[in-house]
Amino acid sequence: MSKIYGEAETEVRALDNVSFSVKKGEFVLVIGSSGSGKSTLLNMIGLLDRPTEGRVLVDGFDTSDLTDNEISAFRNKKLGFVFQFANLLADLTVLENVLLPSQIQFDSTTNNRAKEILEKVGLKDQLFKRANKISGGQAQRAAIARGLVNNPTIVLADEPTGNLDSVTAKNVIEVMKKMAKDLGQTFIVVTHERAQFGDVDRIITIKDGRAFEGEHSPELEVVA
Amino acid sequence: MDYRLHLAKRMLVNKRGSLIGAVLAVSIGILVINVNFVIFQGIYDAIVRDMSEYRFGDIYVYDEEKSTIEKSDIVLINWFERIPGVEAATPRLEASATAETRILGQQHEKFNVPVLGVDPISDIRTSTIHETVGDGQYVYARNSIVVGESVASDLGGCSRGCSFMSGGETDPTATADVDLGDCQPVRVGDSVKLTITDQWGIDQKKRFVVTGISGTAGGQGFDRSVIIHIDTLRDMLDRSGESRSIMVRLQESVSPHDAKQIKNQFLRAFPNDNLRAETIEESAESTLSGFKSGIAMINLIGYFGMGSSAFAILTIQMMLVNSKTREIGIMRAIGARRKDILIIFIMQGMIIGAMGAGAGTALGLGYTTYAKITNMEFQGSLALEVNYNWQKIGETAFLAFILAMIASIYPSYRATKKQPVEAMRSV
């Protein structure tokens, strides 16, 4: 897929014929310098934005022709999001934040699952605290729990450690990896802090809007 | 509980300042309308109450063409008093007279006054005008006269130099020798001479003894008239057995609808007598239509105030939406539909509307109760007739609620237009 902003002389190709597939259960790291197109790529996969050309397939399902409501439902059921800033709703408690994706589809059966996940991410004692009363690391772990509660096909994480100190970042990364391993959950994580993540299943490098397989390997263009 | 309602509630509670501001805007609008209603509807109802008590009763009968009813008042009153629900009925006769007083044999004051002739026995069962006699007692004999407070004052020379309100003219020459310092309102036991021109154009003079002074709060009674025995007035006018009107009092349990039925029954019973009958509602309608229009206008101003509070809600809701841009982006990203966002903010409007309507109604009811308990008076004289108009109270609260909800639609719609990625970048 490609994503082009502007027209003619002002045209910017944020993504240029990027094409790759991710296997179920893979922990994929998308790296690249600032402005390389990493977040744009994640927005396309997360259906938060539409590609100018190409398509996104999730579980073999083409998302190109979905209506706005269908996209919302698809995001809710198939995708989990973890953002740079935890982006919890300050008006709700930690548990309420985690339950929100399931409540959006009026599913009231996830209460126990939410509590289990929160226990796994180490927030068992913070369930009923207001989201703005917990630390940055705790908030990010709660955001991971929220991303997992609907048992999505993919969890998309955009710079999840970008706003955390190194110790907290390490802790959050461990949580993500643990979840990936325990739940067999697919993660696509965008970061420019490659070193923090250690060993991962796969790395994709984005440079000038183009995707390359592996780390610092511009010669290896990713092919589906 | 629906998560949208829960979220709407939490968002509002965590923005207490905005919530209080919006709720106050709604409640003040309701309070203004309630206060307007208590005062202006209270004045209207008080005037209607006094009109009914003193002048028109619950049903008022008069001749459509002539100034007097020629049919025997006994026949008419007997007819009414046989009808279930009728408390009493009484004849009344009205005329104009020249009233004069003398002090030390010298003419003191002389001017025209309206004269009301009453049947003392049936009048005290039908009207409460006798209760307005604060000093002395009501008409009881053929030569007794009850003088209105203003007339008593004027006859004592106390209104000289002021505008005369009874419609008569003061004879300036007649009072030339009397010192202004002599101002002394007419009192019980004084004598007043009335000169009335009868139906043949002949002046009939008679001297009366003042038996009482009548004064009413707000001057809705006969403060500017004199009241004498109806038979005396008939004799002076040479209109034996005639009446100007029949005033009918119904029992308290009789509804306005039943009053209308009694009126119609009466008109059917006397089809060839040119009689006209009006219920108090009809009499008030024709007499106070201008006042009623004024109330409608003041209510309209109140509703404009409520409309202004809707604009305040719109502004506050716009601020709330802008302050929650990031949250809107997050919710959209995790799967909330535009409709869900719309519902959350409309629910906020409904919460504001419900709280404002509740608070405004409570304040309005508080004020109404205060006015009722304290017998609130208009300009210190006319006691307001305060009633709980539940329909009006309910309608006002419902309208405020609906306005608050409508005022939330545009901000809510704006909230749905935010794109998740851009919205989440908002700080």
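Thresholds applied
Residues numbered from 1 in each chain as written. Chains lettered and ligands numbered in written order. Predicted model: local features only at pLDDT ≥ 70, side-chain atom pairs only at ≥ 80, totals over all residues. Heavy atoms only, no water. Phe/Tyr/Trp six-rings, centres within 6.5 Å; stacked < 30°, edge-to-face > 60°. Helix = DSSP H or I, 4+ residues; strand = E, 2+ residues; numbered from the N terminus. Buried < 20%, exposed > 50% of the residue type's maximum accessible area, 1.4 Å probe, protein only. Lys NZ or Arg CZ within 6 Å of the ring centre and 35° of its normal. 1 Å grid on protein atoms, 1.4 Å probe; cavity = no way out; pocket = protein on both sides within 12 Å on 5 of 7 lines; lining within 4 Å. Points joined across faces, edges and corners; volume = space filled by probe spheres on them. Contact = heavy atoms within 4.5 Å. Buried area = accessible area lost by both parts, 1.4 Å probe. Salt bridge = Lys/Arg side-chain N within 4 Å of Asp/Glu carboxyl O. Polar contact = N/O pair within 3.5 Å; in protein donor to acceptor, adjacent residues only side chain to side chain. Nonpolar A, V, L, I, M, F, W, Y, C, P; charged D, E, K, R; others polar.

Novice: It is not clear to me how the packing of aromatic side chains should be interpreted in this structure. Could you clarify?
Specialist: For any two aromatic rings, the description comes down to two numbers: the centre-to-centre distance and the angle of the planes. Residue and element names in this part refer to chain B. Applying the stated criterion across every chain, the model contains 13 aromatic pairs over all chains. Aromatic side chains Trp79 and Phe266 sit 5.4 Å apart centroid to centroid with 65° between the ring planes, which places their arrangement in the edge-to-face category. Placement of Trp79 in helix H3 (residues 73–81) and of Phe266 in helix H7 (residues 256–269) is noted, with a sequence separation of 187 residues between them. Like Phe266, Trp79 is buried. In this structure an aromatic cluster arises from ring pairing among Trp79, Phe80, Phe266 and Phe270. Over the aromatic face of Phe222 sits the side chain of Arg55, whose NZ or CZ is 4.3 Å from the ring centroid.

Novice: Please clarify how empty space enclosed by the protein should be interpreted in this entry.
Specialist: Gaps left between atoms show up when a probe the size of a water molecule is rolled over them. Going through the model one piece at a time under the given rule, you end up with 3 cavities of 30 Å³ or more. A volume near 50 Å³ is recorded for the largest cavity. For the largest cavity, the full set of lining residues is Asn76(A), Leu79(A), Gly80(A), Phe81(A), Pro101(A), Arg146(A), Gly147(A), Asn150(A) and Ile334(B). The set of elements that each furnish at least two residues to the lining of the largest cavity consists of strand S6 (79–82) and helix H5 (136–148) of chain A.

Novice: What is the right way to look at the interface of chain A and chain B in this model?
Specialist: Quoted interface sizes are often the accessible area lost when the parts come together. Contact with chain A, which involves 23 residues of that partner, is made by 24 residues of chain B. In total, about 2200 Å² of surface goes out of reach between chain A and chain B, with carbon and sulfur atoms giving 58% of it. It is Leu89(A), Asp91(A) and Ile104(A) in chain A that bury the most area against chain B; as a group they hold 27% of the surface buried on that side. Counting the contacts that link chain A with chain B gives 4 salt bridges. One salt bridge connects Asp91(A) with Lys324(B), and the closest N-O pair in it is separated by 2.9 Å. Inspection of the chain A/chain B interface yields 12 residue pairs in polar contact (both at pLDDT 80 or more). Going through the elements one at a time, helix H2 (68–78) and helix H3 (94–104) of chain A are the ones with two or more residues in the side of chain A that touches chain B. Split into classes, the residues belonging to the side of chain A that touches chain B amount to 10 nonpolar, 7 polar and 6 charged.

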